[in-house]
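Coordinate analysis (summary)
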Amino acid sequence: MGGFWFTEKQTENFGITMKVKKTLHSEQTEFQQLDMVETEEWGNMLLLDGMVMTNQKDEWVYHEMVAHVPLFTHPNPENVLVVGGGDGGVIREVLKHPSVKKATLVDIDGKVIEYSKKYLPEIAGKLDDPRVDVQVDDGFMHIAKSENEYDVIMVDSTEPVGPAVNLFSKGFYAGISKALKEDGIFVAQTDNPWFTPDLIRQVQKDVKEIFPITKLYTANIPTYPSGLWTFTIGSKKYDPLAVEDSRFHDIDTKYYTKELHKACFVLPKFVKDLIE
Ligand code: SAM
């Protein structure tokens with residue numbers, strides 16, 4: 001039978017526990033503790049600094065919702081940037097949009113890319129697509145060097161600790177606005193309203209001061225803290241709730257639908273109260 005129980009502490013007093021069959025790879029990289037484990041319930045799973053990043057069973061919820069809400073909101077997304085996202089899942093979803101000519105991925109840790117390709121091939125498999133440009137670099141520095149370049153930017157980073165701490169600052173969001181074209185859109189994962197309400201409140205406040213259209217949407221991600229995940233979208237021109245039906249071309253998904261594109265912005269009252 002073997003194996004062991006692993007717990008991710010989501011707060012000091014609460015966690016998620018799962019049965020691990022075996023450890024596939026474990027190392028302290030230059031930036032974080034990287035563990036790739038085989039779990040009984042969720043298949044192969046990537047952990048960074050002891051936090052669940054992605055896994056073979058529920059990965060498509062997050063990757064579809066980060067990608068398709070902004071990419072269907074923009075009328076013709078051609079040049080896309082993913083900050084973080086070294087597991088390749090968001091890039092895989094981005095490439096389902098025929099309008100996309102170039103998708104750039106900037107992840108600070110090449111080891112995440114390397115071991116995702118090895119143990120999460122169905123998630124990382126599109127990183128070698130000819131439309132994809134993979135760069136191992138600090139997303140903060142990449143944004144600082146970019147101007148009027150991208151139609152859509154997605155920030156698929158770890159939590160605002162360690163290497164990602166700068167990726168939740170107002171200065172970073174101002175840099176994102178500069179890196180976007182005049183009608184660009186950006187989305188960032190913004191954690192959960194149960195354990196990190198202050199983060200959501202602060203990011204929404206900062207983004208509202210930079211982007212004329214700022215909204216929050218949610219998705220159910222069973223292996224993320226509390227299961228109720230949020231995404232902050234900032235848009236210079238296009239409203240995600242004003243997308244013409246004709247815009248929604250067919251797309252292969254398991255979670256995202258054109259109905260959910262709008263419904264995901266309907267918030268429970270305690271979340272709505274957070275951001276108003
Ligand atoms: N979906 C996950 C979540 O919501 O927590 C994120 C998954 S993805 C693996 C997170 C990636 O962010 C990691 O590969 C990490 O190396 C990357 N990252 C953290 N800080 C970064 C930075 N400053 N620049 C670029 N990538 C960064």
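Within an unreviewed UniProt entry, the label attached to the protein chain reads Polyamine aminopropyltransferase, and the organism entered is Bacillus carboniphilus. UniProt annotates the protein chain under Catalytic activity (unreviewed entry) with the comment "S-adenosyl 3-(methylsulfanyl)propylamine + putrescine = S-methyl-5'-thioadenosine + spermidine + H(+)". Under the UniProt heading Sequence similarities (unreviewed entry), the entry covering the protein chain gives this text: "Belongs to the spermidine/spermine synthase family."

**Regarding empty space enclosed by the protein**
Evaluated as defined, the whole model comprises two cavities of 30 Å³ or more. Approximately 40 Å³ is the volume found for the largest cavity. In terms of lining residues, the largest cavity is bounded by Gln32, Leu48, Asp49, Met51, Thr158, Glu159, Val161 and Pro163. Residue composition of the lining of the largest cavity, grouped by class: four nonpolar, two polar and two charged. In this structure, the lining of the largest cavity is formed jointly by two domains, domain 1 (2–53) and domain 2 (59–275), each of which donates at least three residues. The computed volume of the second largest cavity comes to approximately 40 Å³. What lines the second largest cavity is Met53, Thr54, Asn55, Asp58, Glu59, Tyr62, Ile221, Thr223 and Tyr224. Put simply, the parts of the chain that give the lining of the second largest cavity at least two residues each are β5 (51–55) and α1 (59–73).

**Observations regarding the UniProt feature "active site" (unreviewed entry) in the protein chain**
Per the UniProt record, "active site" (unreviewed entry) is found at Asp156. Mapped onto the secondary structure, Asp156 falls in strand β9 (residues 150–156). Not counting residues up to four positions away in its chain, the partners in contact with Asp156 are Tyr62, Val82, Val83, Gly84, Gly85, Asp87 and Val90. One polar contact links Asp156 to Tyr62, side chain to side chain, over a distance of 2.5 Å.

**Things to note about the sheet that holds strand β3 (residues 33–39)**
The five strands are arranged β1-β2-β3-β4-β5 in an open sheet whose pairing can be described as antiparallel. Each edge of the open sheet is held by one strand with a lone partner, namely β1 (4–11) and β5. Neighbouring strand axes in the sheet, compared pairwise and without regard to direction, differ in orientation by 50° on average. In terms of strand pairing, β3 meets strand β4 (residues 43–48) through six bridges, oriented antiparallel. Bridge pairing in β4 links Thr39 to Gly43. The strands touched by helix α3 (residues 110–119) are β2 (14–28), β3 and β4; relative to β3, the strand with the most contacts, the crossing angle is about 15°.

**Section: the site of the ligand**
Lining the immediate environment of the ligand, one finds 25 residues, of which Gln32, Asp107, Gly139, Pro163 and Tyr224 sit closest. Contact distances for the ligand include 3.4 Å between a nitrogen atom and a backbone N or O atom of Ala164. The protein chains hide 99% of the 600 Å² of surface that the ligand would expose on its own. A majority-of-atoms criterion places the ligand in the largest pocket. Classifying every residue of the shell around the ligand gives ten nonpolar, eight polar and seven charged. Of the domains in this structure, domain 1 (2–53) and domain 2 (59–275) are the two that each give at least three residues to the shell around the ligand.

**Topic: the environment of Leu199**
Looking at the secondary structure, you find Leu199 in helix α7 (residues 197–208). Taking relative accessible area as the criterion, Leu199 reaches 17% and is therefore assigned buried. Each C-alpha atom of the pair Leu199 and Tyr173 lies 14 Å from the other, and the pair is 26 residues apart in sequence. Ignoring any residue separated from it by four or fewer positions in sequence, one finds Leu199 in contact with Pro160, Phe168, Thr190 and Asp191.

Criteria and cut-off values
Residues numbered from 1 in each chain as written. Predicted model: local features only at pLDDT ≥ 70, side-chain atom pairs only at ≥ 80, totals over all residues. Heavy atoms only, no water. UniProt positions renumbered as here; feature names shortened; annotations may be inferred. 1 Å grid on protein atoms, 1.4 Å probe; cavity = no way out; pocket = protein on both sides within 12 Å on 5 of 7 lines; lining within 4 Å. Points joined across faces, edges and corners; volume = space filled by probe spheres on them. Nonpolar A, V, L, I, M, F, W, Y, C, P; charged D, E, K, R; others polar. Domains from an automatic or database assignment. Helix = DSSP H or I, 4+ residues; strand = E, 2+ residues; numbered from the N terminus. Contact = heavy atoms within 4.5 Å. Polar contact = N/O pair within 3.5 Å; in protein donor to acceptor, adjacent residues only side chain to side chain. Pairing = 2+ DSSP bridges. Axes fitted to C-alpha atoms, helices over the stretch in contact; angles between N-to-C directions. Near = heavy atom within 4 Å. Areas by Shrake-Rupley, 256 points an atom, 1.4 Å probe, with all protein chains shown as cover. Sits in = over half its atoms within 2 Å of the grid points. Buried < 20%, exposed > 50% of the residue type's maximum accessible area, 1.4 Å probe, protein only.

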